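Now for the letters of each chain:
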Amino acid sequence: MTIEVDIGAIRLHRPRQEPATLVENVAFTIPTGATLGIVGESGSGKSLMALAILGLLPKEIRAEGRVVLDGVDLMRLSEHQLQHVRGAKIGMIFQEPMTALNPAMRVGAQIAEGLLRHKPIGGAEARAEALRLLERVRIPDARRRIDAYPHELSGGQRQRVGIAIALAPGPGLLIADEPTTALDVTVQAEVLDLLGELIAELSMSLLIISHDLGVIASISERTLVMNAGKCMEQGETERVLRRPMHPYTQKLIAALPRPAKDKAANLAVAASPIETSALLPRAKLLDGSFLVEVRDVESHYGRRADQTLTKAVDGVSFAIAPGTIFGIVGESGCGKSTLARVVMGLNRPTRGQVLFEGEDIFAKSRSELLRLRRGFQMVFQDPRGSLDPRQSVGRIVAEPLFLDPDAPRGKARKDLIEETLASVGLQPSDADRRPHEFSGGQRQRIAIARAIIGRPKLIVADEPVSALDVSVQAQVLNLIMDLRDRYGLAFLFISHSLAVVEMISDRVGVMYRGNFVETGPAHEVFNRPVHAYTKKLIDAEPRIDQPRKHGRAVPSDEGTFKES
Amino acid sequence: MTSLAEAAPRFGIGPRSGLLLGAGITGAFVGIAILSQFWTPELPTRMHLINKLKPPLVAGIAGTDAFGRDIFSMLMVGAWNSLSISFLSVLMGLVAGVALGTAAAAVRGWIEEAIMRFADIVFAFPALISAIMIAALIGAGQLTAVLAIGIFTIPVFIRVSRGAALRVWALDFCVAAQTAGKGRLRITIDHVLPNIAGALVVQATIQIGLAILVEAGLSFLGLSLPPPAPSWGRMLSDAQTYLSQAPWMAIAPGVTIAIAVLGLNLLGDGLRDWLDPRSGSQA
């Protein structure tokens, strides 16, 4: 099935306002059995393209152009005719498998629904077909799982069910909008592998939309780069990623996190308008002592009543030297956020100690803890939720000075706020504005300004760049490294992304099910992984410097990840 | 390439006409209530038996009642009494309810449980029952009405403020405030209250509308302001006897109550839509 898309414009029509153009002049063709990846940062209009193809744009947003599927222009069809195209000819896979599935309906019934609608078959046949599809998408124990509700399945399994639903009516084209963004890397690799295998086997076409260049590289033959509603460049994936022609693509690829050995490449993306002082000598280790020592920390959840006990953190020990970044990498549910809260003194561990400059923070009285706590601060994942929308930026940034008796007052405090804002690359005048006036990356800078204003020695950063676009992410990472070098700050840096942790960390710990499976200097752990789990993580991480590995036409020398 | 028709403003029911209409009605009532303290067409308490039971426009704008009192003047002063009792009672419910609700959200544990069960128990008593109980203790009057309506408003605000506060507490800036060494009370004042204020204003507006209805009910039963102070509810109750001879006696306060409550509800709903960033863009 061939689809030819030629969108002249997608515009937003608002009452009493000029229509705003959201997407302009994007055209591509996907022949039968081909795969195209659309890559772009948030707001680039890539998801609007998917909705426009399906005729699912909200009514105040209108598309102009043609979407020709096997000679039929979908834009000329009535809503009723379109309903026979959606599902039957074009299948859709969504980002968030939890919300894309109906929580009140058994998964088997949800797969059968599409079959019954588009095929002349009965209930029993549809159920048998649903079972076959569940087995095809490799749901373990499908015979039992067919009657499960979505919440009884894991995230990866739910996305497999989502794929089964999209496949059920036998469409010729599959549109997948960020199909693996909500999944852990190892699960992501499995899902992408399954997707590639299925489209090859059923000779379907695939349109995959993602913000992640690595994902696109791993599965699509051709790539289209979008930015601000326009097509930047389009071509063979390998060519686009290895020899990008458009400056935007080059910038995007340069912004990808890469290990410290490519220092020159990192510095190409300026951290902030400040002169780069990254080359200053690192704060020297004083007599080799550590700033923070975490000793055998265990943190249990559970109720005594029903005897259930979950060990979120199960005997973790590590130490952070002053002026260094300790990275923790792990998948969701491995206990890394709980560990962060324990180190911050927000959660009391079930067992173990956290020593800050040799003092056990949990053996202190409340006021003692507050005094110690001025030495460590936190940066959060979601820059929307971490700044109080009702306060001015100046007040937000000054918050850690609240209990500090030595903190400057009046004019001196105002100067300190402005100086701190400037040191994270913001304007001093930004102090009077409110968080909603800033972009995600700027908000994260505000959060970092709040963390450093009290001159702490340690900052615990829990997924600080996960909610940011790649180019913004690179700037924030450079800012963090810059602050380490300038102020001798130590960071406990937590992330699910190997590439980010590898780029930024001096030492790393790979966390799995509440414990470290491997610790050591970053370059050693990532270049010579010892533990099987580390190897699996590194393998699963989508990278742009690898050949396409999921789907048809796998180069034979890399045959190991074919059929399972 | 925009045509004039597209660029020109469109008239008709805009997204905020409900809010504006509600604000207009409410503002008019507040204005009339304040005006009534300085001027009314007639003295609302002066009886004029020769003029009794005159239809609207024959004597005064809204006619006269069985004692020949000017109904329009009574409605004006009634607006003051009704609005002041409603406002005071909702203020009382707001202060007590928000204090308990935000405390429940801040402290959690068994204290939260106790506060919420207290709210459930108070909720189980209709305002009428508590008014009768309070009237039995301190006698009927303005204070009785304020207390009765206020008490039944408390659990509403406990629930609204606890729910909204819990959502704020789950946000990272509250954790950031904890790491800055702020206590629960301080965080509630600095971060929680400003962020739930919108929801509380909306709820308060709607509660005032409800309080007007309840106050009318209480004065209908003689549990609120004693005569001769005019009140909308007692005007209705007095009109009962004359329904066939002088229907305007019932219609005037009835319509007045309906419009006042409608205005406050429109204002409340409008404010909710306007303050809620999720419902469309704010210009």
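For every chain, the first residue of the written sequence is number 1, and numbering continues from 1 onward in sequence order. Written order determines the labels here, with chains lettered from A and ligands numbered from 1. Per-residue local features of the predicted model are confined to residues with pLDDT of at least 70, and side-chain atom pairs are confined, for both listing and counting, to 80 or more; whole-chain, interface and lining totals are unaffected and use all residues. Excluded from the side-chain calculation are hydrogens and water; included are all heavy atoms of the structure.

S.K.: Help me understand the packing of aromatic side chains, please; the structure alone is not making it clear to me.
M.R.: Any pair of aromatic rings gets described here by the distance separating the centres and the angle formed by the planes. Residue and element names in this part refer to chain A. Here a pair means two rings of Phe, Tyr or Trp (six-membered ring of Trp) with centres within 6.5 Å. Their orientation is stacked below 30 degrees between planes, edge-to-face above 60, and tilted elsewhere. All told, the structure shown has six aromatic pairs over all chains when counted by the stated rule. A ring pair is formed by Phe326 and Phe516, whose centres lie 6.2 Å apart and whose planes are at 35 degrees; its orientation type is tilted. Note that Phe326 is positioned in strand β13 (residues 325-329) and Phe516 in strand β20 (residues 515-521), a separation of 190 residues in sequence. Between buried and exposed lies partly exposed: a residue is buried under 20% and exposed over 50% of the maximum accessible area for its type, with that area taken using a 1.4 Å probe on protein chains only. Classification of Phe326 by relative accessible area gives buried; the value is 3%. With a centroid separation of 4.7 Å and 50 degrees between ring planes, the pair formed by Phe356 and Phe376 is classed as tilted. Of this pair, Phe356 sits in strand β14 (residues 351-356) while Phe376 sits in strand β16 (residues 376-379), and the two are 20 residues apart along the sequence. Among the residues examined, Phe356 registers a relative accessible area of 3% and is labelled buried. Taking the relative accessible area as the measure of exposure, Phe376 reaches 1% and is therefore buried. Ring-over charges, as used throughout, are those where CZ of Arg or NZ of Lys falls within 6 Å of the ring centre and within 35 degrees of the ring normal. Residue placement shows Arg433 over the ring face of Phe438; its charged tip is 4.5 Å from the ring centre. When the ring centre of Tyr487 is taken as reference, the NZ or CZ atom of Arg455 above it lies at 4.8 Å. For helices the rule is a DSSP run of H or I covering at least 4 residues; for strands it is a run of E covering at least 2, with both sets numbered from the N terminus onward.

S.K.: What is the right way to read the interface of chain A and chain B from this model?
M.R.: Interface size is commonly expressed as the accessible surface area that is lost when the partners come together. Opposite the 27 residues of chain A that make contact, chain B presents 23 residues. Accessible area that two parts lose when put together, with a 1.4 Å probe and added across both, is what the buried area reports. Taking both sides of the interface into account, the surface hidden between chain A and chain B amounts to around 2200 Å²; carbon and sulfur atoms contribute 54%. Three residues, A:Arg16, A:Glu399 and A:Phe402, lead the burial of chain A against chain B; their summed loss comes to 28% of the area buried on that side. The salt bridge criterion pairs a side-chain nitrogen of Lys or Arg with a carboxyl oxygen of Asp or Glu, the two atoms within 4 Å. Across the chain A-chain B interface, the total number found is two salt bridges. Counted as a polar contact is a pair of N or O atoms within 3.5 Å, where, for protein atoms, one must be capable of donating a hydrogen and the other of accepting one, and residues adjacent in sequence contribute only when both atoms are in side chains. Where chain A touches chain B, the interface holds nine residue pairs in polar contact (both at pLDDT 80 or more). Here the side of chain A that touches chain B takes three residues from helix α14 (residues 366-373) of chain A, the largest share from any one element. Contacts between residues were defined by any pair of non-hydrogen atoms, one from each residue, lying within 4.5 Å.

S.K.: Help me understand the pattern of salt bridges, please; the structure alone is not making it clear to me.
M.R.: Two side chains with opposite charge may pair up if their charged atoms get near one another. Overall, the coordinates contain 44 salt bridges over all chains when judged by the stated rule. A:Arg395 is the salt-bridge partner of B:Asp190, the closest N and O atoms lying 3.9 Å from each other. Of the two residues, B:Asp190 sits in helix α8 (residues 184-220) while A:Arg395 sits in helix α15 (residues 393-398), which places them in two different chains. Judged by its relative accessible area of 7%, B:Asp190 falls in the buried class. A:Arg395 gets classed as partly exposed once you look at its relative accessible area, which sits at 46%. When the shortest N-O distance is used, the salt bridge between B:Arg159 and B:Asp120 registers 2.5 Å. Of the two residues, B:Arg159 is situated in helix α6 (residues 142-169) and B:Asp120 in helix α4 (residues 109-123); the sequence distance between them amounts to 39 residues. Note on B:Arg159: relative accessible area 36%, which makes it partly exposed. According to the relative accessible area criterion, B:Asp120 is partly exposed, its value standing at 31%. Because the salt bridges share partners, they merge into one network encompassing A:Arg395, A:Glu399, B:Lys182, B:Arg186 and B:Asp190.

S.K.: How should I be thinking about the nonpolar core in this particular structure?
M.R.: All names here are of chain B. Counting residues in each nonpolar core, the largest one holds 58 residues, and the members touching the most others are Ile71, Trp169, Ile212, Leu218 and Trp232. When residues of this core are traced back to their parent elements, those giving at least two are α2 (17-36), α3 (71-107), α5 (127-138), α6, α7 (172-179), α8, α9 (232-239) and α10 (248-275). Counting residues per element, this core draws most heavily on α8, at 11 residues. With sequence-adjacent residues up to four places away left out, Trp169 is seen in contact with Ala105, Ala106, Cys174, Arg184, Ile187, Thr188 and Val192. In these notes, a set of buried Ala, Val, Leu, Ile, Met, Phe, Trp, Tyr and Cys residues joined through side-chain atoms within 4.5 Å is what counts as a nonpolar core.

S.K.: Is there a simple way to explain α7(B) in this structure?
M.R.: One full turn of an α-helix is made of 3.6 residues, so residues set three or four places apart face in the same direction. Across the eight residues of α7(B), six count as buried, placing the element largely inside the fold. Those residues of α7(B) that sit buried are B:Phe173, B:Cys174, B:Val175, B:Ala176, B:Ala177 and B:Thr179. The inward-facing, buried residues of α7(B) abut α13 (336-343), α14, β16 and α17 (440-452) of chain A together with α6 and α8 of chain B.

S.K.: It is not clear to me how the environment of A:Arg455 should be interpreted in this structure. Could you clarify?
M.R.: Residue and element names in this part refer to chain A. By the secondary structure assignment, Arg455 is in the loop between α17 and β17 (458-462). Owing to a relative accessible area of 41%, Arg455 belongs among the partly exposed residues under this scheme. Sequence separation between Arg455 and Asp6 is 449 residues; the distance between their C-alpha atoms is 55 Å. Discounting residues that sit within four places of it in the chain, Arg455 has contacts with Glu419 and Tyr487.

S.K.: Just checking my understanding: could you explain the confidence of the model for chain B for this structure?
M.R.: Close reading of the predicted structure is inappropriate where its pLDDT is low. All names here are of chain B. pLDDT measures the predictor's confidence residue by residue and takes values from 0 up to 100. A residue-level look at chain B finds 92% of positions with pLDDT of 70 or above and a mean pLDDT of 84. Put simply, helix α1 (residues 4-7) is where chain B has its lowest mean pLDDT, 39, and α3 is where it has its highest, 93. Below pLDDT 50 for its whole length, residues 1-12 participates in six contacts with residues either more than four positions away or in separate chains. Predicted confidence for residues 278-283 stays below pLDDT 50, and this span has six contacts to residues more than four positions away or in other chains. This complex was scored by the predictor with a pTM of 0.79 and an ipTM of 0.73.

S.K.: Just to check I follow, could you spell out the environment of A:Val39 for this structure?
M.R.: All names here are of chain A. Looking at the element boundaries, Val39 is found in strand β3 (residues 35-39). On the accessibility criterion, Val39 (0% relative accessible area) is buried. For Val39 and Pro521, which are 482 residues apart along the polypeptide, the C-alpha to C-alpha distance reads 33 Å. Excluding residues within four positions of it along the chain, Val39 makes contact with Lys46, Ser210, His211, Asp212, Leu213, Ile216, Thr223, Leu224, Val225 and Met226.

S.K.: I tried to follow unusual backbone geometry on my own but got confused; where do I start?
M.R.: Trans peptide bonds make up most of the peptide bonds, and negative phi angles are found at most residues other than glycine. Residue and element names in this part refer to chain A. Not every positive phi belongs to a glycine, and Arg455 is a case in point at roughly 50 degrees. Positioned with a positive phi, Glu463 is a non-glycine residue whose angle comes to about 50 degrees. Position of Glu463 among the secondary structure elements: in the loop between β17 and α18 (470-487). The class for Glu463 is buried, based on a relative accessible area of 8%.

S.K.: What is the right way to look at the environment of B:Ile61 in this model?
M.R.: Residue and element names in this part refer to chain B. Following the sequence through the fold, Ile61 ends up in the loop between α2 and α3. Put simply, Ile61 and Tyr242 are 181 residues apart on the chain and 19 Å apart in space, counted from C-alpha to C-alpha. For Ile61, the residues in contact, after removing those within four places along its chain, are Pro56, Asp70 and Phe72.

S.K.: Mind showing me how you'd approach the packing of α3(B) against α4(B) here?
M.R.: Two quantities define a packed helix pair, namely the angle between the axes and the distance from one axis to the other. All names here are of chain B. Whenever a helix is involved, its axis is fitted only over the stretch in contact; in every case the axis is a line through C-alpha atoms, and angles between N-to-C directions fall within 0 to 180 degrees. Put simply, α3 and α4 touch, their axes get as near as 7 Å, and they point 150 degrees apart. Our classification of the angle between α3 and α4 gives roughly antiparallel. α4 is crossed by α3, and the crossing has left-handed handedness. Facing α3, whose interface residues are Leu100, Ala103, Ala104 and Val107, α4 presents Gly109, Ile111, Glu112, Ile115 and Phe118. When residues are sorted by character, Ala, Val, Leu, Ile, Met, Phe, Trp, Tyr, Cys and Pro go into the nonpolar class, Asp, Glu, Lys and Arg into the charged class, and all the rest, Gly among them, into the polar class. When its residues are assigned to classes, the contact of α3 with α4 shows seven nonpolar, one polar and one charged. Note that the term roughly parallel is reserved for angles under 35 degrees, roughly antiparallel for angles over 145, roughly perpendicular for angles of 65 to 115, and oblique for everything else. Helix crossings are classified by the rotation of the near helix relative to the far one: an anticlockwise turn of less than a right angle makes the crossing left-handed, while a clockwise turn makes it right-handed.

S.K.: Is there a simple way to explain a nonpolar patch on the surface in this structure?
M.R.: Residues and elements named next belong to chain B. Residues Ile121, Phe125, Leu128, Ile129, Ile132, Met133, Phe220 and Leu221 make up a contiguous nonpolar surface patch of about 720 Å² in total accessible area. A per-element tally of the nonpolar patch places α5 first, with four residues. Overall, Ile121 belongs to the exposed group, its relative accessible area being 53%. Patch membership requires more than 30% relative accessible area and the absence of a salt bridge. Residues of like charge join within 9 Å; the nonpolar side chains Val, Leu, Ile, Met, Phe, Trp and Tyr join within 5 Å. Using a 1.4 Å probe, accessible areas were evaluated by the Shrake-Rupley method; residue-level cover was limited to the displayed protein chains.

S.K.: What is the right way to read the confidence of the model for chain A from this model?
M.R.: Residue and element names in this part refer to chain A. Taken over all residues, the pLDDT of chain A has a mean of 84, while the share at 70 or more is 91%. A low-confidence stretch, residues 262-286 (pLDDT under 50), is modelled with 39 contacts involving residues beyond four sequence positions or located in other chains. In the predicted structure, residues 554-564 sits below a pLDDT of 50 and forms eight contacts with residues beyond four places in sequence or in another chain.

S.K.: When you look at the packing of α3(B) against α8(B) in this model, what are you seeing that I'm missing?
M.R.: Residues and elements named next belong to chain B. Between α3 and α8, whose axes approach to 8 Å, the crossing angle comes to 145 degrees. For α3 against α8, the interelement crossing comes out right-handed. In contact with Ser82, Leu83, Ile85, Ser86, Phe87, Ser89, Val90, Leu94, Val98, Thr102 and Ala106 of α3, α8 contributes Arg184, Thr188, Val192, Leu193, Ile196, Leu200, Ala204, Gln207, Ile208, Ala211, Ile212 and Glu215. Considering only residue class, the contact of α3 with α8 consists of 15 nonpolar, six polar and two charged.

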